[in-house]
Amino acid sequence: MMRLALVLAAALAIAGCGEKEQVVVYKQGKYQGKPDNQSWANEPLPAEFRGGTWKQGDRTSWEESIKKRQLAQHEHRRIYQ
Amino acid sequence: MARMKFLCDAERCIECNGCVTACKNENEVPWGVNRRRVVTLNDGVVGAEKSISVACMHCSDAPCMAVCPVDCFYRTDDGVVLHDKDLCIGCGYCFYACPFGAPQFPQAGAFGLRGKMDKCTFCAGGPEPDRSEAEFRKYGRNRLAEGKLPACAEMCSTKALLGGDGDVIADIYRERVLRRGRGADLWGWSSAYGVKPGAQPPVQQPATTSGKS
């Protein structure tokens, strides 16, 4: 009986020395909403709407088209050359 | 492709608010919601006035995405940060997290009922069928799916606001800076913050006396 009491007392005493990790580990959330289409998955607009021209579903051609549009913001290249 | 970004040239912005108007018109943004706005420092001080057009910066490590309790944000392959309004609960955490004040909340009613968050979409719509009526109603026009760039950048009269692939617009800006002819002083630490860290302040030249004295 005495031995059991000593073991319990020792266990309790040691438990006081333990330290739990108190730093919160944040987990990166994952998008829970609806899936979205890719821009290049659409057909280009008819020419009168002045949109880009690319091949439907082809990312590279869409990127080329949008890059042309981006360079139109460069007036040094657009006006002086 | 790199990521879609905005870049505003404070040397060129004339505070015309054309970008704000273009955004409002293109996306039919409701009254009280400003996806884009122009911020002016030293307003009215001759020679010291600087304006910059600010909207969602489509951060690579977006704090709004990190704090959203319902995980309604996502990033497209082009680096555009968008969100699902059907999932948004309008809690406003993203507004507190965003350093640019980009998230906007439509308010209605006598007690200012806060609606679902609205922000700049880089004219890329949202998670509805592209170029559909539903997408336009919730998120505005999807110009990227039309092969166009954001209306604000394309409408900018002085081309202060550039929009597009970060690499391409950075090249445009770099070339522009070089053409201004002020060399390294136009870009970098000394232009942004004055003197270099640890350097001595510039020596003040004595004022030239006028011919009268």
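Draft legend 1. Local environment of the interface of chain B and chain A. Counting residues at the interface gives 42 residues for chain B, matched by 35 residues for chain A. Roughly 3,100 Å² of surface becomes buried between chain B and chain A when both sides are summed, with 50% attributable to carbon and sulfur atoms. Our count for the chain B to chain A interface comes out at five salt bridges. Our count for the contact surface shared by chain B and chain A stands at 18 residue pairs in polar contact (both at pLDDT 80 or more). Those elements that place two or more of their residues in the side of chain B that touches chain A are strand 4 (73-75), helix 5 (151-155), strand 8 (161-165) and helix 6 (166-180) of chain B. When its residues are assigned to classes, the side of chain B that touches chain A shows 19 nonpolar, four polar and 19 charged.

Draft legend 2. The pairing of strand 2 (residues 37-41) of chain B, seen in detail. All names here are of chain B. Side chains Val 38 and Thr 40 project from strand 2 onto a buried face, and the interleaved Arg 37, Val 39 and Leu 41 project onto a face without burial. Where strand 2 meets strand 3 (residues 50-54), five bridges bridge the pair, whose relative direction is antiparallel. If you follow Thr 40 over to strand 3, its bridge partner there is Ser 51.

Draft legend 3. Up close: the nonpolar core. If you look at the biggest cluster of nonpolar residues, it comprises 28 residues, and the most contacted ones within it are Trp 62 of chain A together with Met 4, Val 80, Leu 144 and Leu 161 of chain B. Breaking this core down by element, the ones donating at least two residues are helix 2 (59-71) of chain A together with strand 1 (4-8), helix 1 (18-27) and helix 5 of chain B. At three residues, the largest contribution of residues to this core is made by strand 1 of chain B. In this view, Val 80 of chain B contacts Met 4, His 58, Tyr 74, Arg 75, Thr 121, Phe 122, Ala 124 and Leu 144 of chain B; residues no more than four positions away in its chain are not counted. In terms of nonpolar packing, the next biggest core, distinct from the first, is built from 11 residues, Cys 64, Met 65, Cys 68 and Cys 94 of chain B among them.

What counts and what doesn't
- Throughout, residues of each chain are indexed from 1 in the direction in which the sequence is written.
- The order in which chains are written sets their letters, starting at A; the order in which ligands are written sets their numbers, starting at 1.
- Local features in this predicted model are restricted to residues of pLDDT 70 or higher, and side-chain atom pairs are both shown and tallied only at a pLDDT of 80 or more, whereas totals for entire chains, interfaces and linings draw on every residue.
- As a rule here, side-chain values cover all heavy atoms of the structure and leave hydrogens and water aside.
- Note on contacts: a residue pair is in contact if any heavy atoms of the two residues lie within 4.5 Å.
- Accessible surface is computed with a 1.4 Å probe, and the buried area is the amount of it that two parts give up when combined, taken over both parts together.
- We define a salt bridge as a contact between a side-chain nitrogen of Lys or Arg and a carboxyl oxygen of Asp or Glu at a distance within 4 Å.
- Nitrogen and oxygen atoms within 3.5 Å of one another constitute a polar contact, given that in protein one can donate a hydrogen and the other can accept it, and given that sequence-neighbouring residues count only through two side-chain atoms.
- Helix and strand definitions follow DSSP, with helices as H or I runs of at least four residues and strands as E runs of at least two, each counted in order from the N terminus.
- By the convention adopted, Pro, Cys, Tyr, Trp, Phe, Met, Ile, Leu, Val and Ala count as nonpolar, Lys, Arg, Asp and Glu as charged, and the other residues, Gly among them, as polar.
- Think of it in three bands: with a 1.4 Å probe and only protein chains considered, a residue is buried below 20% of the maximum accessible area for its type, exposed above 50%, and partly exposed in between.
- When DSSP finds two or more bridges between a pair of strands, those strands are recorded as paired.
- Definition used in this section: a nonpolar core is a set of buried Ala, Val, Leu, Ile, Met, Phe, Trp, Tyr and Cys residues joined via side-chain atoms within 4.5 Å.

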